[in-house]
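# Structural features, examined
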Amino acid sequence: MKQFSLTLFSFNVMLSFKIHSPETEITLPLWEKKHIKVTLKRDDLIHPFISGNKWRKLKYNLQEALQLQKNHIVTFGGAWSNHLLATACAGATFRFKTTAFVRGDEQANNPVLTMCQLFGMQLIYVDRDSYRDKEQLYRMYFDQDPTTFYIHEGGYGLLGAKGCAELVDELQQDYQHIFTACGTGTTLAGIANAIDKKDLFTQVHGVPVLKNGGFINDEVAQLYPHLPPPILHLDYHFGGYAKTTPDLLAFTQHFIASTGIMIEPTYTGKLLYAVDDLIRKDYFTPADQLLVVHTGGLTGLLGMYQRFVFN
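The subject of this paragraph is the nonpolar core. One recurring pattern in soluble globular proteins is that nonpolar side chains are buried together. Counting 30 residues, the largest nonpolar core has Trp31, Val38, Phe179, Phe255, Leu272, Ile279 and Val292 as its most contacted members. Only α1 (29–33), β4 (37–42), β9 (177–182), α10 (246–259), α11 (268–280) and β12 (289–294) provide two or more residues apiece to this core. Ranked by residues supplied to this core, first place goes to α11 with 7 residues. Setting aside chain neighbours within four positions, we find Val38 in contact with Thr24, Glu25, Ile26, Trp31, Ile279, Leu290 and Val292.

Rendered as structure tokens:
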């Protein structure tokens, strides 16, 4: 178990965060039949709210804020954003004030945003057109406030990717393939850069959860122009971000019931569906070792549970 210590200069205290993210081998009958070994990197176990890649993307952003003696985190997200909840909880944990610009109309009965507020986060609702220019929003509200520190939506950026890269250092074995879901491309970029630095022969795969996800490689290239493009699997968005189909919901339900590992259909459900489909189509070589990153964000189920149908 890793422990990271951050010094909060303005309060002169030492802060710690423990990492628990084991590699767990999982199997389904099809995978066993095809002789493909799948291991899940359990980043969902890192923390109930600052979970998965959310903590990894926040870690060095918070460290930078501390070094600059900033104590007010300002960030952005949608109404069901795991990143907002993670930032709110991290703020309460590490004694930062937090503010979030939330895309769309105010939602009085949204449990994720309620938890954000319970952790002390101030929410500013903005219309979708205004939300597109996040830097302008930040300047409009906080240009004169020297205590604030800007974190991009989803934790995108080099600091976020740096935290995600550390996942590769934790691995207990080599893998032929590493798979992660993609929203901003930060996690994919961090992992791909770490693999490149170590000169490993691991293929890095991204499963974009949005329509037209080819832009993810542009985002990766913005962060690390030298990297060869990771492999993207663009056909598993199921209609777009937070969209589902009966097939995806049925797979998600089957996976949870078969493994005892909770996933949600926005990110990890689409990711594992893609891996399962690729195994079904003989994409891999028998005896290949696959690592699939469980990026957490299980509170996303709160906006999805009514979509599941049980017999």
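Structure's up, so let's keep going.
It is worth spelling out the side chain of Arg56 at this point. Along the chain, Arg56 turns up in helix α2 (residues 52–67). One polar contact links Arg56 to Asp43, side chain to side chain, over a distance of 2.6 Å. Excluding residues that lie within four positions of it along the chain, Arg56 makes contacts with Ser21, Lys41, Asp43, Ile46, Gly160, Gly163, Cys164, Glu166, Leu167 and Glu170.

Evaluated as defined, the whole model comprises 12 salt bridges. In this structure, Asp282 and Lys34 form a salt bridge, with 2.8 Å as the shortest nitrogen-oxygen distance. Separated by 248 residues along the polypeptide, Asp282 in the loop between α11 and β12 and Lys34 in the loop between α1 and β4 bring together distant segments of the chain. Since its relative accessible area comes to 23%, Lys34 is described here as partly exposed. Linking Lys41 and Glu170 is a salt bridge whose minimum nitrogen-to-oxygen distance equals 2.8 Å.

What follows concerns the sheet that holds strand β6 (residues 97–103). Spatially, 4 strands are ordered β7-β6-β5-β8 in an open sheet, and the strand pairing comes out parallel. Looking at which strands have only one partner, the edges of the open sheet turn out to be β7 (122–126) and β8 (148–150). The mean inter-strand angle of the sheet, taken between neighbouring strand axes irrespective of direction, is 25°. Here 5 bridges tie β6 to β7, and the two strands are oriented parallel to one another. Bridge pairing in β7 places Ala100 opposite Leu123.

Before going further, it helps to spend a moment on the packing of α2 against helix α7 (residues 158–170). Across the interface, α2 lies against α7 with an axial gap of 7 Å and an inter-helix angle of 125°. It follows that α2 is oblique to α7 by the angle criterion. Crossing of α2 against α7: the hand is right-handed. Residues Asn53, Arg56, Lys57, Lys59, Tyr60, Asn61 and Glu64 of α2 touch α7, and the partners they reach there are Leu159, Gly160, Lys162, Gly163, Cys164, Glu166, Leu167 and Glu170. A class-by-class count of the residues in the contact of α2 with α7 yields 4 nonpolar, 4 polar and 7 charged.

In the Ramachandran plot, Arg95 falls in the positive-phi region, its phi being about 65° despite a non-glycine side chain. The exposure class assigned to Arg95 is partly exposed, which follows from its relative accessible area of 41%. Despite not being glycine, Ala242 shows a phi value in the positive range, around 65°. Secondary-structure assignment places Ala242 in the loop between β11 (231–232) and α10. Classification of Ala242 by relative accessible area gives partly exposed; the value is 23%.

Among all positions of helix α9 (residues 215–223), only Ile216, Val220 and Leu223 are buried. Each buried residue of α9 sits inside an arc of 60° when the element is viewed along its axis, so together they form one side. Projecting away from the buried face of α9 at angles above 90 degrees are the exposed residues Asp218 and Gln222. On the buried face of α9, the contacting elements are α7, β9, α8 (186–198), β10 (203–208) and β11.

Cut-offs used in this document
- Residues numbered from 1 in each chain as written.
- Predicted model: local features only at pLDDT ≥ 70, side-chain atom pairs only at ≥ 80, totals over all residues.
- Heavy atoms only, no water.
- Core = buried A, V, L, I, M, F, W, Y, C linked by side-chain atoms within 4.5 Å.
- Buried < 20%, exposed > 50% of the residue type's maximum accessible area, 1.4 Å probe, protein only.
- Helix = DSSP H or I, 4+ residues; strand = E, 2+ residues; numbered from the N terminus.
- Contact = heavy atoms within 4.5 Å.
- Polar contact = N/O pair within 3.5 Å; in protein donor to acceptor, adjacent residues only side chain to side chain.
- Salt bridge = Lys/Arg side-chain N within 4 Å of Asp/Glu carboxyl O.
- Pairing = 2+ DSSP bridges.
- Axes fitted to C-alpha atoms, helices over the stretch in contact; angles between N-to-C directions.
- Parallel < 35°, antiparallel > 145°, perpendicular 65-115°, else oblique.
- Left-handed = near helix turned anticlockwise from the far one by under 90°.
- Nonpolar A, V, L, I, M, F, W, Y, C, P; charged D, E, K, R; others polar.
- Arc of directions from axis to C-beta.

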